[in-house]
Amino acid sequence: MLCFMPGVAFIPALLVCWSSAAFIISYVIAVLGGHVEPLVPYISDTGTKPPESGIFGFMINISAFLGAATMYIRYLIIEKQNESSNFMNPSCNLITLCIGLLGCIGMGIVANFQELSVPSVHDGGALVAFGSGVVYITLQFVISFKSCPQWNSHCTCYIRMAISIVSCIAVIPMIACASLISITKIDWIPGEKDYTYHFVSAICEWTVAFSFIFFFLTFIRDFQGVTLRILTEIHEDF
């Protein structure tokens, strides 16, 4: 029923539903296939071996595209709001968009370069995706407060701030513990070397990932009052 949502709210709604499904479906298939342990694997671990690797790559690529579309529309909304209210420097809005799009590129790298095949490229893409994502939602919550109360409710601003704080707190041990892991593998067993680092890092990774999802969920109401039009012009010279 997403297509019946007012305005362009179906875009962030589809992003939230699709991304959640990508994580959950890959996890279920990987666990049922015996490829990962059910107790908190890395998200990428659930998309490393076939058949879940194909599903994971396909769905994360679409999530990256939907994320980029959502961020661009959010940029246009803020740009239009700022024209009438002048609550921020327009360049800040553009910088926020660029950081968000960089995170989407990182997602594409994660989806297309498997963890065990090219770990350095995969890990680099993950670092870009999570790092840029945390910076993006942090800047978005700041923008929300600047545009409050005319364009955002106080409740929405505080929810976004809380999600941003959680993601900022979780991303630090996620990166720190991951950097301490000395081996690249997906079949972790409790008690073995570096398992504690893996366990803490994986919990934080899932926390940050779903923080992004819940943050985009708060965009739905903002997108309900927006209409986008595509103007087609035919040039007679061609």
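Further up the page is the structure itself.
To keep things clear, this report deals only with the structure shown in the data block.

Conventions and cut-offs
- Residues numbered from 1 in each chain as written.
- Predicted model: local features only at pLDDT ≥ 70, side-chain atom pairs only at ≥ 80, totals over all residues.
- Heavy atoms only, no water.
- Helix = DSSP H or I, 4+ residues; strand = E, 2+ residues; numbered from the N terminus.
- Rg over C-alpha atoms; globule rule 2.2 N^0.38 Å.
- Buried < 20%, exposed > 50% of the residue type's maximum accessible area, 1.4 Å probe, protein only.
- Contact = heavy atoms within 4.5 Å.
- Areas by Shrake-Rupley, 256 points an atom, 1.4 Å probe, with all protein chains shown as cover.
- Lys, Arg positive; Asp, Glu negative; His and termini not counted.
- Charge placed at Lys NZ, Arg CZ, Asp CG, Glu CD.
- Core = buried A, V, L, I, M, F, W, Y, C linked by side-chain atoms within 4.5 Å.
- Salt bridge = Lys/Arg side-chain N within 4 Å of Asp/Glu carboxyl O.
- Axes fitted to C-alpha atoms, helices over the stretch in contact; angles between N-to-C directions.
- Parallel < 35°, antiparallel > 145°, perpendicular 65-115°, else oblique.
- Left-handed = near helix turned anticlockwise from the far one by under 90°.
- Nonpolar A, V, L, I, M, F, W, Y, C, P; charged D, E, K, R; others polar.
- Expected span 1.5 Å × (residues − 1).
- Polar contact = N/O pair within 3.5 Å; in protein donor to acceptor, adjacent residues only side chain to side chain.

## Regarding the overall build of the chain
Here is step 1: Of regular secondary structure, the chain possesses 7 helices and 0 strands.
Here is step 2: Seen in sequence order, the chain has helices and strands lined up from the N terminus as α-α-α-α-α-α-α.
Here is step 3: A globule of 238 residues ought to have a C-alpha radius of gyration of about 18 Å, and the chain, at 19 Å, matches this closely.
Here is step 4: In the chain, which comprises 238 residues, the proportion classed as buried is 45%.
Here is step 5: A separation threshold of at least 6 residues defines the contact pool for the chain, and within that pool the share at least 24 residues apart is 73%.
Here is step 6: By element, 70% of the accessible surface of the chain is carried by carbon and sulfur atoms, the whole surface being about 12300 Å².
Here is step 7: The chain carries 9 positive and 15 negative side-chain charges, and their two centres are separated by 10 Å.

## Quick look at the nonpolar core
Here is step 1: Phe-23, Phe-130, Val-208, Phe-216 and Phe-223 are the most contacted members of the largest nonpolar core, which has 43 residues in total.
Here is step 2: Elements that contribute at least two residues to this core include exactly helix H1 (10-32), helix H2 (52-85), helix H3 (90-112), helix H4 (119-146), helix H5 (154-180), helix H6 (195-217) and helix H7 (219-224).
Here is step 3: Setting aside chain neighbours within four positions, we find Phe-223 in contact with Pro-6, Gly-7, Val-8, Ala-9, Pro-12, Thr-70, Ile-73, Arg-74 and Ile-77.
Here is step 4: Core analysis: the second largest hydrophobic core is formed by 5 residues, Ile-181, Trp-188, Tyr-195 and Ala-202 among them.

## Remarks on the pattern of salt bridges
Here is step 1: Inspection of every chain in the model, using the stated rule, returns 4 salt bridges.
Here is step 2: Notably, a salt bridge pairs Arg-160 with Asp-222, separated by 2.6 Å at the nearest N-O pair. Taken together, the residues span a long stretch of sequence, with Arg-160 in helix H5 and Asp-222 in helix H7 at a distance of 62 residues.
Here is step 3: Arg-160 sits in the buried class, given a relative accessible area of 0%.
Here is step 4: Its relative accessible area of 17% is what places Asp-222 among the buried residues.
Here is step 5: Where Glu-192 meets Lys-185, a salt bridge forms, and the shortest distance between an N and an O atom there is 2.9 Å.

## Some remarks on the packing of H2 against H4
Here is step 1: It is at 13 Å that the axes of H2 and H4 come closest, and there the two elements cross at 25°. Viewed along their axes, H2 and H4 adopt a mutual orientation that is roughly parallel. Crossing handedness for the pair H2 and H4: left-handed. When H2 is examined against H4, the residues Met-71, Arg-74 and Ile-78 are found in contact with a partner set consisting of Tyr-136, Gln-140, Ile-143 and Ser-144.
Here is step 2: Looking at the contact of H2 with H4, its residues break down into 4 nonpolar, 2 polar and 1 charged.

## What about H5?
Here is step 1: Taking 1.5 Å per residue, 27 residues should reach 39 Å; H5 reaches 40 Å between its end C-alpha atoms and fits that length.
Here is step 2: When we look at burial in H5, the residues that qualify are Thr-156, Cys-157, Arg-160, Ile-163, Ser-164, Ser-167, Ala-170, Val-171, Met-174 and Cys-177.
Here is step 3: Its buried side turned inward, H5 meets H2, H4, H6 and H7.

## Some remarks on the environment of Thr-218
Here is step 1: Mapping Thr-218 onto the fold places it in the loop between H6 and H7.
Here is step 2: For Thr-218, a relative accessible area of 16% gives the class buried.
Here is step 3: Within the structure, the side chain of Thr-218 is placed 2.9 Å from the side chain of Arg-160, a separation counted as a polar contact.
Here is step 4: Only 2.5 Å separates the side chain of Thr-218 from the backbone oxygen of Phe-215, close enough to count as a polar contact.

## Focus on the side chain of Asn-93
Here is step 1: Topologically, Asn-93 is positioned in helix H3.
Here is step 2: Separated by 3.0 Å, the side chain of Asn-93 and the backbone oxygen of Tyr-75 make a polar contact.
Here is step 3: Those residues in contact with Asn-93 that lie beyond four places of it in its chain are Tyr-75, Ile-78, Glu-79 and Met-88.

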